[in-house]
Amino acid sequence: MTKLEVGETAPPFTLTAADESEVSLSDFAGRRVIVYFYPAAMTPGCTKQACDFRDSLDALQAEGFAVVGVSPDKPAKLAQFVERDAITFPLLSDPAHEVLESYGAWGEKKLYGKTVVGVIRSTVVVGADGKVELARYNVKATGHVAALRKALQV
């Protein structure tokens, strides 16, 4: 697994959103975008993280950031998540793990003391120029958005 480094060009992507629309990284050209990767919709940690992003969205947008979440969940499950928790930014489906892998967010990790292969909770901030501004891997769901806001001075 190759992790992205600051200054690299962010891999392009087009994925299906919860509402079945197609969302591409290029849709955010000229804007800064926070792309975060999470293991599974509607699980406790992922819900906490998504709700933290939702609750911080106005402050992030005021500073020019867009937010998108990516998981291997199917669009129908993402739609349930959006509905249940009033998620106000795009949640994207990557069941083939292609984007997860290209961003370094898929691979071996420790889960309850066992080594498993899956989503590595990660966040990549892509600058308006399409280059990686920040890449954080193996982040914790709780407190991550606050730490990210501090790092981004938002």
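Residues numbered from 1 in each chain as written. Predicted model: local features only at pLDDT ≥ 70, side-chain atom pairs only at ≥ 80, totals over all residues. Heavy atoms only, no water.

**Digging into helix H2 (residues 75-85)**
Where H2 is concerned, the buried positions are Pro75, Leu78, Phe81 and Asp85. One face of H2 carries all of its buried residues, which in axial projection span an arc of 115°. Residues of H2 that are exposed and point over 90 degrees away from its buried face: Ala76 and Glu83. Residues of H2 that are buried sit in contact with strand E1 (14-17), helix H1 (44-62), strand E4 (65-71) and strand E5 (91-93). Looking one or two residues past H2, Ala86 carries a phi angle of roughly 50°, positive in sign. (Buried < 20%, exposed > 50% of the residue type's maximum accessible area, 1.4 Å probe, protein only. Helix = DSSP H or I, 4+ residues; strand = E, 2+ residues; numbered from the N terminus. Arc of directions from axis to C-beta. Contact = heavy atoms within 4.5 Å.)

**Observations concerning the sheet that holds strand E9 (residues 132-137)**
Strand order across the open sheet formed by 7 strands is E2-E1-E5-E4-E3-E8-E9, with mixed pairing between neighbours. This sheet does not close on itself; its edge strands, each paired only once, are strand E2 (22-24) and E9. Going from strand to strand, the sheet's axes swing by 30° on average, the running direction of each strand aside. Relative to E4, strand E3 (residues 32-37) runs parallel, the two sharing 6 bridges. Its bridge partner lying in E4, Tyr36 is registered against Gly69. Running at roughly 165° to E5, H2 makes contact with E1, E4 and E5 of the sheet. Each of E3, E4, strand E8 (122-126) and E9 touches helix H4 (residues 144-152); the most contacted strand, E8, lies at about 30° to it. (Pairing = 2+ DSSP bridges. Axes fitted to C-alpha atoms, helices over the stretch in contact; angles between N-to-C directions.)

Keep in mind these values describe shape, not function.
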